[in-house]
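Descriptive structure summary
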Amino acid sequence: AVALLQAAQTSAVGTADASLRALAKVVQVMPEPLRHKVDAVRAATEQLPLPGAAMPVDTRALTTLAQACRDRERVRFGYTAADGEVTERLIEPHRLVPVARRWYLVAYDCDRGDWRSFRLDRMSDVRPAGARFAPRRLPAEDAAAFVRNRLALSAQRHEVVAEVRAPAEVVSASIGRWATVEPTGADGCRVTVHADNLDWAGMALAMTGHEFRVTGPPEAVAHIREWAGRFARAVTVSRT
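Within every chain, residues take consecutive numbers counted from 1 along the sequence as written. It should be noted that, the model being predicted, local features are given only for residues of pLDDT at least 70 and side-chain atom pairs only at 80 or more, the latter also being counted only at that level, while totals for whole chains, interfaces and linings use all residues. As a rule here, side-chain values come from all non-hydrogen atoms in the structure, and water together with hydrogens is ignored.

So, the sheet that holds strand 7 (residues 179-185)
To be explicit about the condition: Strand pairing is assigned whenever DSSP detects at least two bridges linking the two strands. Strands here are runs of E lasting at least two residues and helices are runs of H or I lasting at least four, both read from the DSSP assignment and numbered beginning at the N terminus. Note on method: axes are straight lines fitted to C-alpha atoms, helices fitted across the in-contact stretch only, with angles between N-to-C directions ranging 0 to 180 degrees. In what follows, a contact means two residues having at least one pair of non-hydrogen atoms within 4.5 Å.
Strand order in the open sheet formed by four strands is 7-8-6-9, and the pairing between neighbours is antiparallel. Both edges of this open sheet fall to strand 7 and strand 9 (212-216), since each of them pairs with a single strand only. Adjacent strand axes in the sheet meet at a mean angle of 25 degrees when their direction is disregarded. Pairing between strand 6 (residues 158-164) and strand 9: four bridges, direction antiparallel. Directly across from Val-164, in strand 9, lies its bridge partner Phe-212. Set on the sheet, helix 6 (residues 168-175) makes contact with strand 6, strand 7 and strand 8 (188-195); between it and strand 7 the angle comes to about 165 degrees.

Laid out in structure tokens, this is it:
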């Protein structure tokens, strides 16, 4: 049963047509309770066409959410945010969206009074709340568009600031549209890199090919300092 539900996950993220046809044939001969679960996963899923295969998720959580989407039933679960905070959530599930290697649930958060997207791998103790709800209007074209917009906003959560010893026009040409470049003189500029992770920001600055000094935020300074030590150790010649 678990293997078949994992196959349903794979089909939902748009793998080869042969896999879809094979799954469809298997579903026809499944026991009725299991067939309803697989059908619920397929019916509650919207595809966002980005590369990659979905990471494995808790099959029971996936089917519980899919059936709740279908039946318009509220759900409770524990949720671990990016900063590690754990909260209990009561939501009205709308649709499941696999994106690259992760699964997201688009839902109305009853406690916060707003629409949210939740990563399934951060959920725990997913369970029906035993209450039905009337569907609400999603503030987006569809669930896939909602997740795409949320990811676009979170993709720029770091703003790394650095002073670069090169003319602004030179740095701007090499670093592209992912940064703001402001001249500080004829041979220098201030660069603000918008990135979803500190590694990418460090690489972007290094790719300018010029000397630079990171001035903030503190976590970026510490991250680049760690990089510097790692690279220095990589070229250290041992003495015998």
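So, the packing of aromatic side chains
Definition in use: Only rings of Phe, Tyr and Trp enter the pairing, Trp through its six-membered ring, and a pair is recorded when the two centres are within 6.5 Å. The plane angle decides the type: under 30 degrees is stacked, over 60 is edge-to-face, the rest tilted. Partly exposed residues are those whose accessible area sits between 20% and 50% of the maximum for their type, while under 20% is buried and over 50% is exposed, using a 1.4 Å probe and protein chains only.
Going through the model one piece at a time under the given rule, you end up with five aromatic pairs. Ring geometry for Phe-77 and Tyr-79: centres 6.2 Å apart, planes at 65 degrees, overall edge-to-face. In this structure, Phe-77 and Tyr-79 share a single accessibility class: buried. Seen in terms of ring centroids, Tyr-79 and Phe-118 are 5.1 Å apart; in terms of plane orientation they differ by 80 degrees. Their pairing is edge-to-face. One end of the pair, Tyr-79, is in strand 1 (residues 73-80); the other, Phe-118, is in strand 4 (residues 114-119), and 39 residues separate them in sequence. Taken together, Phe-77, Tyr-79 and Phe-118 form an aromatic cluster joined through their ring pairs.

Re the environment of Ala-107
Within the secondary structure, Ala-107 sits in strand 3 (residues 102-109). Through-space distance from the C-alpha of Ala-107 to that of Arg-95 is 7.1 Å; in sequence the pair is twelve residues apart. Those residues in contact with Ala-107, other than ones at most four positions away along the chain, are Ile-91, Glu-92, Pro-93, His-94, Asp-114, Trp-115, Arg-116 and Phe-118.

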